[in-house]
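Below, each chain spelled out in residue letters.
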Amino acid sequence: MELVKKYNKNLKIGDFSLENNLLIIAGPCSIESEEQMVKVAEKLIKLNIKFIRAYPYKPRTSPYSFQGIGEEGFKIILKLKSIYNIKIVSEIINLSDLDFYLKHVDIIQVGARNMQNFELLKALGKINKPILLKRGFGNTIDEWLNACEYILKNGNDQVILCERGIKTFETMTRNTLDISSIPIVKKLTKLPIIVDPSHASGRSDLVKPLSLAAIAAGSDGIMVEIHPNPDQSVSDKEQAISLDEFESLINDLRKLAPIVNKHFD
Ligand code: PEP
Ligand code: MN
């Protein structure tokens, strides 16, 4: 694993530079409607947050859970991009959608369940686009970095890692946030790493404390699930925080950032 040790000083996402800048990504678990996404986008813009989660497809553990609105979501992404100056983060499920993602998505996510989908990783290694590689909930850090190496080895050096919790025997939380992976990844690699406290805990009341802990431990950012009406969220409603709760989290992060030498506009 040589390539994860190389620093990519060119990792920029459009006009956003990761260097000392916290990468904050927020949005609902899944795209439900244009109205929902517009409410979220307007809040993000008000808070000067540059990246929105916009997920048309949802890989779910159960085939009976909501699977996402599918291609309808692509239209909503295009609409958002036409109205707002906001960057899109979205998960790719199927390589047949790659064209759309290349043209309209700013960071392509590989979700936990696809972390070892090696053909997907190889294909994403051949494109010129930042990839957010989530840690599989049953995978070691070593396996995660090897998955990353697949992307790097194929030529794409724009990888951001995302710790999203792993399975443990604890049942109070959906997963257990492996906070130690942050300094370990920092030690073993030169790659940026962010934390997803929402899927890590599955609990809205833990999103703020885990976000603060992640940044304090050296995380380069966070990805959080937010919703205009968390109670009505069609997927992962237990972990969605409201737009006001998100604002309060951002206010706290702005106070914390300078203490850990991170810039946050
Ligand atoms: C997600 O970010 O929408 C998601 C499903 O997360 P994960 O792949 O980490 O479970
Ligand atoms: Mn979710």
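Below is a short write-up of the structure. (Residues numbered from 1 in each chain as written. Chains lettered and ligands numbered in written order. Predicted model: local features only at pLDDT ≥ 70, side-chain atom pairs only at ≥ 80, totals over all residues. Heavy atoms only, no water.)

## Re the overall build of the protein
For step 1, the next point in the chain: From N to C terminus, the protein includes nine helices and 10 strands.
For step 2, the next point in the chain: What you see for the protein is a C-alpha radius of gyration of 17 Å, in line with the 18 Å of a compact globule of 265 residues.
For step 3, the next point in the chain: Along the three orthogonal principal directions, the C-alpha set of the protein runs to about 45 × 40 × 40 Å.
For step 4, the next point in the chain: When burial is assessed residue by residue, the protein has 54% of its 265 residues classed as buried.
For step 5, the next point in the chain: Restricting the contact set of the protein to residue pairs at least 6 apart, pairs at least 24 apart contribute 69%.
For step 6, the next point in the chain: Total accessible area on the protein is roughly 11,600 Å²; 52% of this is exposed by carbon and sulfur atoms.
For step 7, the next point in the chain: Side-chain charges in the protein split into 35 positive and 33 negative, and the spacing between the mean points of these groups amounts to 4 Å. (Helix = DSSP H or I, 4+ residues; strand = E, 2+ residues; numbered from the N terminus. Rg over C-alpha atoms; globule rule 2.2 N^0.38 Å. Buried < 20%, exposed > 50% of the residue type's maximum accessible area, 1.4 Å probe, protein only. Contact = heavy atoms within 4.5 Å. Areas by Shrake-Rupley, 256 points an atom, 1.4 Å probe, with all protein chains shown as cover. Lys, Arg positive; Asp, Glu negative; His and termini not counted. Charge placed at Lys NZ, Arg CZ, Asp CG, Glu CD.)

## Notes on the pattern of salt bridges
For step 1, the next point in the chain: All chains considered together, the criterion is met by 21 salt bridges.
For step 2, the next point in the chain: For Asp-106, the salt bridge is made with Lys-81, and the minimal N-O distance between the two is 3.1 Å. Of this pair, Asp-106 sits in the loop between α3 (98-104) and β6 (107-110) while Lys-81 sits in helix α2 (residues 72-83), placing them 25 residues apart in sequence.
For step 3, the next point in the chain: Given the relative accessible area of 29%, Lys-81 is considered partly exposed.
For step 4, the next point in the chain: A salt bridge links Lys-186 to Asp-220; the shortest N-O distance between them is 2.6 Å. Taken together, the positions of Lys-186 in helix α6 (residues 181-188) and Asp-220 in the loop between α8 (204-216) and β10 (221-225) put the pair 34 residues apart, joining distant regions of the chain.
For step 5, the next point in the chain: For Lys-186, a relative accessible area of 33% translates into the label partly exposed. (Salt bridge = Lys/Arg side-chain N within 4 Å of Asp/Glu carboxyl O.)

## A look at the pairing of strand β7 (residues 131-134)
For step 1, the next point in the chain: Side chains of β7 alternate between two faces, with Ile-131 and Leu-133 and Leu-132 and Lys-134 buried alike.
For step 2, the next point in the chain: Pairing of β6 with β7 involves three bridges; the strand directions are parallel. Its bridge partner lying in β7, Ile-108 is registered against Ile-131.
For step 3, the next point in the chain: Inspection of the sheet shows β7 paired to strand β8 (residues 159-163) by four bridges, in the parallel sense. Residue pairing across strands places Ile-131 opposite Val-159, the latter belonging to β8.
For step 4, the next point in the chain: Note on the crossover from β7 through helix α5 (residues 141-153) to β8: the handedness is right-handed. (Pairing = 2+ DSSP bridges. Right-handed = clockwise from strand over helix to strand, strands pointing away.)

## Let's talk about the side chain of Asp-236
For step 1, the next point in the chain: Its place among the elements puts Asp-236 in the loop between β10 and α9 (243-256).
For step 2, the next point in the chain: Here the side chain of Asp-236 touches His-199 through a polar contact of 3.1 Å, side chain to side chain. (Polar contact = N/O pair within 3.5 Å; in protein donor to acceptor, adjacent residues only side chain to side chain.)

## Some remarks on the site of ligand 1
For step 1, the next point in the chain: As a matter of local geometry, ligand 1 sits amid Arg-53, Tyr-55, Lys-58, Gln-109, Gly-111, Ala-112, Arg-113, Lys-134, Arg-164, His-199 and Met-223.
For step 2, the next point in the chain: A distance of 2.8 Å separates an oxygen atom of ligand 1 from a polar side-chain atom of Arg-53.
For step 3, the next point in the chain: At 2.6 Å from an oxygen atom of ligand 1 is found a side-chain nitrogen or oxygen belonging to Arg-164.
For step 4, the next point in the chain: Look at ligand 1: alone it shows 290 Å² of surface, and the protein chains cover 97% of it. (Near = heavy atom within 4 Å.)

## Examining the nonpolar core
For step 1, the next point in the chain: Counting 65 residues, the largest nonpolar core has Ile-24, Leu-44, Ile-52, Leu-133, Leu-161, Ile-226 and Phe-246 as its most contacted members.
For step 2, the next point in the chain: If sequence neighbours within four positions are ignored, Phe-246 has contacts with Ile-24, Ala-26, Leu-44, Leu-47, Ile-49, Ile-226 and Ile-241.
For step 3, the next point in the chain: Within the second largest apolar cluster, 15 residues are counted, among which are Leu-18, Ile-25, Tyr-55 and Ile-160. (Core = buried A, V, L, I, M, F, W, Y, C linked by side-chain atoms within 4.5 Å.)

## With respect to the coordination of the manganese ion (ligand 2)
For step 1, the next point in the chain: With distances of 2.0 to 2.4 Å, the protein atoms coordinating the manganese ion (ligand 2) are Cys-29 (SG), His-199 (NE2), Glu-225 (OE) and Asp-236 (OD).
For step 2, the next point in the chain: Each donor residue of the manganese ion (ligand 2) belongs to the same chain, and together they define the spacing C-x169-H-x25-E-x10-D. Taken as a pair, Cys-29 in the loop between β3 (23-27) and α1 (34-46) and Asp-236 in the loop between β10 and α9 lie far apart in primary sequence, 207 residues in all. (Donors = N, O, S within 2.8 Å, 3.2 Å for Na, K, Ca; no water.)

## Some details on the packing of α1 against α2
For step 1, the next point in the chain: The N-to-C vectors of α1 and α2 enclose an angle of 35°; their axes lie 10 Å apart at closest approach. Considering only the axes of α1 and α2, their crossing is right-handed. Listed contacts from α2 to Glu-34, Met-37, Val-38 and Ala-41 of α1 are Ile-76, Lys-79 and Leu-80.
For step 2, the next point in the chain: Counted by class, the contact of α1 with α2 contains five nonpolar, no polar and two charged residues. (Axes fitted to C-alpha atoms, helices over the stretch in contact; angles between N-to-C directions. Left-handed = near helix turned anticlockwise from the far one by under 90°. Nonpolar A, V, L, I, M, F, W, Y, C, P; charged D, E, K, R; others polar.)

None of this, on its own, says anything about what the molecule does.
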